[in-house]
Amino acid sequence: AKNLDLEVKENCNCSIVVRPLDDRPGILYEILSEFANLEINLKAIFSRPRKDMIGKYIFYLEFELTNSELLKTIIKNLKEKYPCDINVVGIYNKV
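If you're wondering where the values come from, they're calculated on a predicted model, not measured in any experiment.

Some thoughts on the side chain of Arg-50
Tracing the sequence through the fold places Arg-50 in the loop between strand S2 (42-49) and strand S3 (57-65). If sequence neighbours within four positions are ignored, Arg-50 has contacts with Arg-19, Pro-20, Leu-21, Lys-56, Tyr-57 and Ile-58.

Shown next as structure tokens:
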């Protein structure tokens, strides 16, 4: 999520990968609550074990996006509240 100057068209979908640096009960719930607080509609959630850290997981999240500021806000909120790495996988039109 280093370059957030991505072109976001109205009513598109976005996919991100969140890699929490600590593993504890409730971390996924806390991450998802950030989306609920901003009234962001989640489309898909996948949890996969990390290849580089046994016992830790990455989360793939797909959600509806209405503007680039919303993307910046969710990434900022997640990084401030939870030690994690975030990568934007893609932004694409709804089908």
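What follows continues from the structure just given.
A closer look at unusual backbone geometry
Positive phi values are uncommon outside glycine, yet Glu-39 reaches one of about 55°. You can see Glu-39 is positioned in the loop between helix H1 (27-37) and S2.

So, the environment of Asp-22
Secondary-structure assignment places Asp-22 in the loop between strand S1 (12-20) and H1. Given a relative accessible area of 27%, Asp-22 falls into the partly exposed group. Placed 23 residues apart in sequence, Asp-22 and Ile-45 show a C-alpha to C-alpha distance of 19 Å. Side chain to side chain, Asp-22 and Arg-24 meet in a polar contact 3.4 Å long.

Calculation rules
Residues numbered from 1 in each chain as written. Predicted model: local features only at pLDDT ≥ 70, side-chain atom pairs only at ≥ 80, totals over all residues. Heavy atoms only, no water. Helix = DSSP H or I, 4+ residues; strand = E, 2+ residues; numbered from the N terminus. Contact = heavy atoms within 4.5 Å. Buried < 20%, exposed > 50% of the residue type's maximum accessible area, 1.4 Å probe, protein only. Polar contact = N/O pair within 3.5 Å; in protein donor to acceptor, adjacent residues only side chain to side chain.

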